[in-house]
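What the coordinates show
Given next are the chains, with one letter for each unit.
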Amino acid sequence: MKRINTLWTQGRTDGYHLGWADGQRLGRCQSIVARVESRAASSQATPRELRVLYVKTGLWAYAPLDNGVIESLRGIVRELHIAEATEDATALAGHLGVDLVLALNSVECLPVAQVDAIRAKGIKTAVWFTDDPYYTDVTGDIAPHYDYVFTLEESCVPFYRERGCAHVYYMPFGVNTALYHPKRVELSNKTDICFIGSAFWNRVALFDRIAPYLSGRKIMIAGYWWDRMSQYSLLANQIRLGYWISPEETASYYNGAKVVINLHRAIDDESNRNSGRIPARSVNPRSFEIGACGTLQLTDVREGLDQVYTAGREIAVYSSAEELIDRIDYYLHHEEERAEMAYHALERTMGEHTYANRLRHMINIIFGD
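A quick note: this is a predicted structure, and the numbers were derived from the prediction, not measured.

1. What about the overall build of the chain?
- Within the chain, the regular secondary structure consists of 13 helices and 12 strands.
- Computed over the C-alpha atoms, the radius of gyration of the chain is 22 Å, within 12% of the 21 Å expected from 2.2 N^0.38 for a compact globule of 369 residues.
- Residues classed as buried in the chain amount to 51% of the 369 residues present.
- The long-range fraction of contacts in the chain, counting pairs at least 24 apart against all pairs at least 6 apart in sequence, stands at 70%.
- Accessible surface computed for the chain: about 16900 Å², of which carbon and sulfur atoms make up 50%.
- Across the chain, the 39 positively charged side chains and the 46 negatively charged ones have centroids separated by 5 Å.

2. Observations regarding the sheet that holds strand β3 (residues 100-105)
- Here six strands make up an open sheet; going across it, the order is β2-β1-β3-β4-β5-β6 and the pairing parallel. Of all strands in the sheet, those bounded by a partner on one side alone are β2 (77-83) and β6 (167-170). Along the sheet, successive strands turn relative to each other by an average axial angle of 20 degrees, direction set aside.
- In the sheet, β3 pairs with strand β4 (residues 124-129) via six bridges, with the strands oriented parallel.

3. A closer look at the environment of I365
- Mapped onto the fold, I365 is located in helix α13 (residues 355-367).
- Considering only alpha carbons, one finds I365 and Y169, 196 residues apart in sequence, at a separation of 9.0 Å.
- Each residue touching I365, except ones within four places of it in the same chain, is listed here: Y148, F150, Y169 and M171.

4. Here we look at the confidence of the model for the chain
- The share of residues in the chain with pLDDT of 70 or more is 94%, and the mean pLDDT across the chain is 92.
- In the model, residues 13-17 has pLDDT below 50 throughout and makes zero contacts with residues more than four positions away in sequence or in other chains.

5. Some words on the nonpolar core
- Ranked by size, the top nonpolar core spans 31 residues in total, and within it Y180, C194, I196, M220, Y254, L305 and Y309 carry the most contacts.
- Of all the secondary structure elements, the ones that give two or more residues to this core are α1 (2-42), β7 (191-196), β8 (219-223), α9 (247-256), β10 (257-262), α10 (285-291) and α12 (335-352).
- Within the second largest apolar cluster, 29 residues are counted, among which are L206, L235, Y318 and A321.

6. Description of the pattern of salt bridges
- For the structure on display, the rule yields 19 salt bridges.
- For E49, the salt bridge identified is with R78, shortest N-O distance 3.0 Å. Here E49 is found in strand β1 (residues 48-55), whereas its partner R78 is found in strand β2, with 29 residues between them in sequence.
- Of the residues examined, R78 reaches a relative accessible area of 48% and is grouped as partly exposed.
- Put simply, E352 and R348 hold a salt bridge, and the shortest N to O gap is 3.2 Å. Of the two residues, E352 and R348 both sit in helix α12, four residues apart, roughly one turn of that helix.

7. As for unusual backbone geometry
- Cis rather than trans, the peptide bond between D132 and P133 has omega equal to 5 degrees.
- Mapped onto the elements, P133 comes out in the loop between β4 and α5 (136-142).
- Unusually for a residue other than glycine, W225 sits at a positive phi of about 75 degrees.
- Turning to its location among the elements, W225 is positioned in the loop between β8 and α8 (232-235).
- Even without glycine at this site, R277 takes up a positive phi of about 50 degrees.
- The exposed category is assigned to R277, whose relative accessible area is 53%.

8. Some details on the packing of aromatic side chains
- Enumeration according to the criterion identifies 14 aromatic pairs in this entry.
- Cluster of aromatic residues (ring-pair linked, three or more members): W128, F173 and Y355.
- Positioned above the aromatic ring of Y213, the side-chain terminus of R217 is 3.9 Å from the ring centre.
- We note R265 situated over the ring of Y134; from NZ or CZ to the ring centre the distance is 4.7 Å.

9. As for the sheet that holds β8
- The strand order across the open sheet built from six strands is β9-β8-β7-β10-β11-β12, with neighbouring strands paired in parallel fashion. Whereas interior strands pair on both sides, the edge strands pair on one side only; in this sheet they are β9 (239-241) and β12 (316-318). Neighbour to neighbour, the strand axes of the sheet diverge by 20 degrees on average, direction disregarded.
- In this sheet, β8 lies alongside β7 in parallel orientation, the contact comprising four bridges.

About the thresholds
- Residues numbered from 1 in each chain as written.
- Predicted model: local features only at pLDDT ≥ 70, side-chain atom pairs only at ≥ 80, totals over all residues.
- Heavy atoms only, no water.
- Helix = DSSP H or I, 4+ residues; strand = E, 2+ residues; numbered from the N terminus.
- Rg over C-alpha atoms; globule rule 2.2 N^0.38 Å.
- Buried < 20%, exposed > 50% of the residue type's maximum accessible area, 1.4 Å probe, protein only.
- Contact = heavy atoms within 4.5 Å.
- Areas by Shrake-Rupley, 256 points an atom, 1.4 Å probe, with all protein chains shown as cover.
- Lys, Arg positive; Asp, Glu negative; His and termini not counted.
- Charge placed at Lys NZ, Arg CZ, Asp CG, Glu CD.
- Pairing = 2+ DSSP bridges.
- Axes fitted to C-alpha atoms, helices over the stretch in contact; angles between N-to-C directions.
- pLDDT = per-residue confidence, 0-100.
- Core = buried A, V, L, I, M, F, W, Y, C linked by side-chain atoms within 4.5 Å.
- Salt bridge = Lys/Arg side-chain N within 4 Å of Asp/Glu carboxyl O.
- Phe/Tyr/Trp six-rings, centres within 6.5 Å; stacked < 30°, edge-to-face > 60°.
- Lys NZ or Arg CZ within 6 Å of the ring centre and 35° of its normal.

Here is the structure:
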């Protein structure tokens, strides 16, 4: 009986502290989000008198991107129309009398013959490339068919200009705040360390080196090909192998983690179609999704990082496996510093790195401020 009472008391104490910590975190996060939204509302411009046709990718994995763009555009332009990838966008654009046709593209989701036909009608066209520079062997042939080209990789701007594109702009992706935001999560989502993504070979190499350290902690890794790790057996019971996690579930794991690791894809991975070896300098969309969840992000160094976050204040960086271990260990033992950095990242993300911010800027570029 005494042991039962002791366990009950300990459980009650642990539950109290866990609930208090959750409440404190969510309260602070909600205060930050409310402050940012208040500032945005006071400066919100009225919708532009434009008709826009957005062509969906037709790719199931890109549905969250489509939805983020669509919902943001609704508040930016007066009239928004949606076309499925299987529809005749040329006929639809002409019938609706739109001012702009916009598409996301990493492969030829919208056939270039239709893009050419739309332009022939005097309608502006724009593309936002989603996976630069990793598929530039494909996108390099698509880009010249559009009036305006937007890329999430800054190093691709001169590449597209060399292909004859007159209007090329660096435009990083944003975050869909309907999916990625601070929220309360189940105990099963709570971990010390989290990484979600496919096991490209550079990621395999890094996680093999830190596997002994990770094996003694509560972690969650999810994605394809992780069984390629030589140290896979050390972490197998904490890896969700070959599993595609929805954005909603991803956001829950980001919210539940103390530290989320971000490791960008290597430029020389065998799965890439970038024969020109265009370098990758800009941050990936995952950077903003983690930031929007109010969780500390530990990312590998990218040249363009300082354009979107301040290292040491809003985000933590590492340049080797040993440094990553040191950083993780430090922030797991310095909760206040970890939380403050995550709060700073949340505020900047919600204030600057949403789809609404990006698309408003895009429309201003195309049609003028």
